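# Secondary and tertiary structure notes
One letter stands for each residue in the lines below.
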Amino acid sequence: MLNKGEIVHRTRDALGEILVIDYRRHRVLTFDSPFEQSKIDRRRPHLPVHEYNRAMMLPAAFAQPGHVTILGLGGGVMATAFHHLFADCRVHAVELRPEVLAVSRTFFDLPDSPRLQVTIADARAALERQPDASTDLILADLYNAERMSPAQAQRQFVDQCARVLSAGGWLTLNYHRPPDPDGPYFRQLRRQFAILLTFQSKTNNTVVYASKQSFEPLYSRDPRLKALERRLPIDWRKLMARVVRL
């Protein structure tokens, strides 16, 4: 992948290299590995490119969030998308690496807005400091250059997310592999959440959704999905059709 694009920025911090690579239409953030951490359309940076990023936004179809927490900023793809999609939504992103935040602002058009706050911290510590019932949607996308952060697979992480979510809140996880639905992690999710769903992307990312309340399913012709698609054209209806309830 790397030899087909132009490296427009390279930097390093204590955790390794950070590269920004331009292609004809897209810009990619990578931690000098075969994996793309973030990808944007250079003409429309508010539009997520990776299918799993688009799928992670699906809970917004069930209720408009007033506050979104994003764990793992990367290039700011989901933060920018939610900032664009909902004019009254406040977005709080947590990022471990200050240099990643600097790159997202300079090269990925992360908005400079009073509605978008970024905290430089370990995600677990940031969650512990967040008040009870203070956010409506948590998007967890904690990855290093090669793999998912072990913190995201801990039962204590599930408990903290459930604590800070509002009564109708959602947790969305980008999981590196399909978790065992009968294992301890899913048992903990079922203790804390009323409904669990999954989405399998074409690149084998597994998105796990956990809702604190029951809800009516949405069908592909639902006007709410059509309305969202007009505001952010990411095939909401096709993505929703591939969500499976556990």
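Data block above holds the structure.
Summarised in this report is the structure supplied together with it. As the structure is a computational prediction, the values presented were derived from the model and not from experiment. (Residues numbered from 1 in each chain as written. Predicted model: local features only at pLDDT ≥ 70, side-chain atom pairs only at ≥ 80, totals over all residues. Heavy atoms only, no water.)

## A word on the sheet that holds strand β4 (residues 38-41)
The five strands lie next to each other as β1-β2-β3-β4-β5, forming an open sheet whose pairing is antiparallel. Edge strands, defined here as strands with exactly one partner in the open sheet, are β1 (6-13) and β5 (44-48). Strand after strand, the sheet turns through a mean of 25 degrees between neighbouring axes, direction not considered. When strand β2 (residues 16-22) meets strand β3 (residues 26-30), the two strands line up antiparallel, connected through four bridges. For L19, the partnering residue across the bridge sits in β3 and is T30. (Pairing = 2+ DSSP bridges. Helix = DSSP H or I, 4+ residues; strand = E, 2+ residues; numbered from the N terminus. Axes fitted to C-alpha atoms, helices over the stretch in contact; angles between N-to-C directions.)

## What to know about the environment of M78
Looking at the element boundaries, M78 is found in helix α2 (residues 77-85). For M78, a relative accessible area of 5% puts it in the buried group. Sequence-wise, M78 and L139 are 61 residues apart; in three dimensions their C-alpha atoms are separated by 8.6 Å. Residues within four places of M78 in sequence aside, it is in contact with N53, M56, I70, L139 and D141. (Buried < 20%, exposed > 50% of the residue type's maximum accessible area, 1.4 Å probe, protein only. Contact = heavy atoms within 4.5 Å.)

## Considerations on the nonpolar core
The biggest cluster of nonpolar side chains holds 42 residues, and the ones touching the most others in it are F82, Y209 and W236. It is α2 that contributes the most residues to this core, five residues altogether. When near neighbours in sequence (up to four residues on either side) are disregarded, W236 contacts M57, L58, A60, L85, L225, L228 and E229. Listed in part, the 26 residues of the second largest apolar core include A126, A140, L142 and V208. (Core = buried A, V, L, I, M, F, W, Y, C linked by side-chain atoms within 4.5 Å.)

## What to know about the sheet that holds strand β11 (residues 195-200)
Spatially, β8-β7-β6-β9-β10-β12-β11-β13 is the arrangement adopted by the eight strands of the open sheet, whose pairing is mixed. Since the sheet does not close on itself, it has two edges, and those belong to β8 (116-120) and β13 (244-245), each with one partner. Of the strand pairs in this sheet, β11 and strand β12 (residues 206-211) are connected by six bridges, and their pairing is antiparallel. Within β12, the residue paired with F199 across the bridge is V207.

## A short note on the pairing of strand β6 (residues 67-71)
A regular strand carries its side chains on alternate faces of the sheet. Counting buried positions over the five residues of β6 gives five, a clear majority of the element. The alternating pattern of β6 places H67, T69 and L71 and V68 and I70 on opposite faces, both of which are buried. Taken together, β6, α2 and strand β7 (residues 90-95) form a β-α-β motif whose crossover is right-handed. Pairing of β6 with strand β9 (residues 135-140) involves four bridges; the strand directions are parallel. By the bridge assignment for β9, T69 is matched with I138. (Right-handed = clockwise from strand over helix to strand, strands pointing away.)

## Concerning the pattern of salt bridges
Proximity of charged atoms lets side chains of opposite charge pair with each other. Inspection of the entire model under this criterion finds 12 salt bridges. Notably, a salt bridge pairs R27 with D22, separated by 2.6 Å at the nearest N-O pair. On the basis of relative accessibility, which here comes to 16%, the residue R27 falls in the buried class. Notably, a salt bridge pairs R163 with D132, separated by 2.6 Å at the nearest N-O pair. Taken together, the residues R163 in helix α5 (residues 155-164) and D132 in the loop between α4 (123-129) and β9 connect sequence positions 31 residues apart. Accessibility expressed as a relative area gives 27% for R163, which makes it partly exposed. (Salt bridge = Lys/Arg side-chain N within 4 Å of Asp/Glu carboxyl O.)

## Re the pairing of strand β10 (residues 165-175)
In terms of burial, β10 is largely enclosed, as nine of its 11 residues are buried. Looking at chain direction, β9 and β10 are connected through five bridges and run parallel. The residue bridging L139 from the neighbouring strand is T172, located in β10. Taken together, the six bridges between β10 and β12 define a ladder with antiparallel strand orientation. By the bridge assignment, W170 is partnered in β12 with S211.

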